[in-house]
Each structure stands twice: as C-alpha cells, then as structure tokens.
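Summary of structural features
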Amino acid sequence: MTRTDTPPTWDERASLTTFLDYVRDTARMKCEGVSPDDARKAPLPGSPLMTLCGLIDHLRWVEYYWFEVVFLGAEDAGPWTEEDPDREMRIAVDVPLADLLAEYDEQCARYRELVAAHDLDAPAQRPIRDGRRAGLRWVVLHLIEETARHNGHLDIVRELVDGRTGA
C-alpha cells in the first residue's frame, strides 16, 4: 500500500479524496500484523467495544450510513438498533479482522466511484440532524474527520494490545 496525503493535483476534489484515502489507509496500517486474538481485545476498561475489529467495522458502517443512507437516500440497513446503537462494534469481534478489512476496502472502492460521479455541491437526499441537506463536500469532510479521530483510537488500542506504535 502506498499511503500519501499529497494529491496528484491541487484542486479541491483531488485534495479531499486524497485525504479521505489517506485516513482510510492509515486505519488499515494500524491493523497490519496484529494477531487475530489481539484484534478482538478491548484493553480500555471503560470502553468494552473499543477493539481493532470493532473500530474497523464502525468505520465501514459510518461510510455506509453517510454515503448510502444520507447522501443517496437508501433505506438504513445498518446493524444498529435503538436498543443497541453500537451493534456494529459488538458483532465485529466475531468476524476475522482480515474479512472486515476486505469489506472495508471493497466499500471504499465503491464510494470512490460515487464521489467521482457526483458534483461536490450535490445535496444529500436526506437531511442531517439540523434539518438541512448537506452537500457531498460536507459528507466527505465529515468522513475525513471521523476516520482521523478513530485512527487515534486505533493507535491507542494497538499500542495497548501488542505494543506496536507509529504508522
């Protein structure tokens, strides 16, 4: 994997998509070489769902929600429920990390195509919490922020489960 935060050109679309891919690639790198058992460990006593598997599955489902449900207007078929709003993190420990990463990679490829096919000003089909319809630009920026924030969590969890730091 070649991870870069330098876009091929300096236009807005290239900058946004390069940074989204950069934070996605960083999430993947945080998981390289971890054992299957360590990928399922939740080392933070106050955060029993904070596992490498759970975080990767969460990132996958966050992108699904913002691109499919909010931007495209699809019905929400996510694993969460009102009773278990973090279910994607809970069920992830039953899936090998390699499978979760493969699903995340396949989905990211689809969403790269989706972003390329739409204008950054295109409005979402569903409103966000305040009732307004965000544009695709905002959705991409939000996903950069969300993924970058969770990369910090991945970094902490990885250091606690097997001592690996960096990337």
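If you're wondering where the values come from, they're calculated on a predicted model, not measured in any experiment.

Some details on the packing of aromatic side chains
In the structure shown here, the tally under the stated rule is seven aromatic pairs. Taken together, a centroid distance of 5.1 Å and an interplanar angle of 80° make the contact between W61 and Y64 edge-to-face. With W61 and Y64 both in helix 3 (residues 52-71) and three residues apart, the pair spans about one turn of that helix. Pair check on accessibility: W61 and Y64 agree, each one buried. Ring centres of F67 and Y111 lie 4.8 Å apart, and the angle between their planes is 40°; this geometry places the pair in the tilted category. Residue F67 is located in helix 3, and its partner Y111 is located in helix 5 (residues 97-117); the two are separated by 44 residues in the primary sequence. For F67, a relative accessible area of 0% gives the class buried. Since its relative accessible area comes to 1%, Y111 is described here as buried. Among the aromatic side chains, those forming a connected cluster through ring pairs are W61, Y64, Y65, W66, W80 and W138. Here the basic side chain of R110 rests over the ring of Y111, its NZ or CZ set 5.9 Å away from the ring centre.

Here's the deal with the pattern of salt bridges
This structure, assessed with the given rule, holds 16 salt bridges. Between R112 and D21 there is a salt bridge whose closest N-O contact spans 2.9 Å. Within this pair, whereas R112 is found in helix 5, its partner D21 is found in helix 1 (residues 12-30), the two being separated by 91 residues in sequence. Judged by its relative accessible area of 36%, R112 falls in the partly exposed class. What makes D21 buried here is its relative accessible area of 18%.

What about the packing of helix 3 against helix 6 (residues 136-162)?
Two elements in contact, helix 3 and helix 6, have axes whose closest approach is 10 Å; the angle formed by their N-to-C orientations is 175°. Comparing their axes, helix 6 and helix 3 come out roughly antiparallel. Looking at side-chain class alone, the contact of helix 3 with helix 6 contains 15 nonpolar, five polar and three charged residues.

Quick notes on the environment of A148
Relative to the assigned elements, A148 resides in helix 6. Along the primary structure A148 and L97 are separated by 51 residues, whereas in three dimensions their C-alpha atoms are 19 Å apart.

Conventions used here
Residues numbered from 1 in each chain as written. Predicted model: local features only at pLDDT ≥ 70, side-chain atom pairs only at ≥ 80, totals over all residues. Heavy atoms only, no water. Phe/Tyr/Trp six-rings, centres within 6.5 Å; stacked < 30°, edge-to-face > 60°. Helix = DSSP H or I, 4+ residues; strand = E, 2+ residues; numbered from the N terminus. Buried < 20%, exposed > 50% of the residue type's maximum accessible area, 1.4 Å probe, protein only. Lys NZ or Arg CZ within 6 Å of the ring centre and 35° of its normal. Salt bridge = Lys/Arg side-chain N within 4 Å of Asp/Glu carboxyl O. Axes fitted to C-alpha atoms, helices over the stretch in contact; angles between N-to-C directions. Parallel < 35°, antiparallel > 145°, perpendicular 65-115°, else oblique. Nonpolar A, V, L, I, M, F, W, Y, C, P; charged D, E, K, R; others polar.

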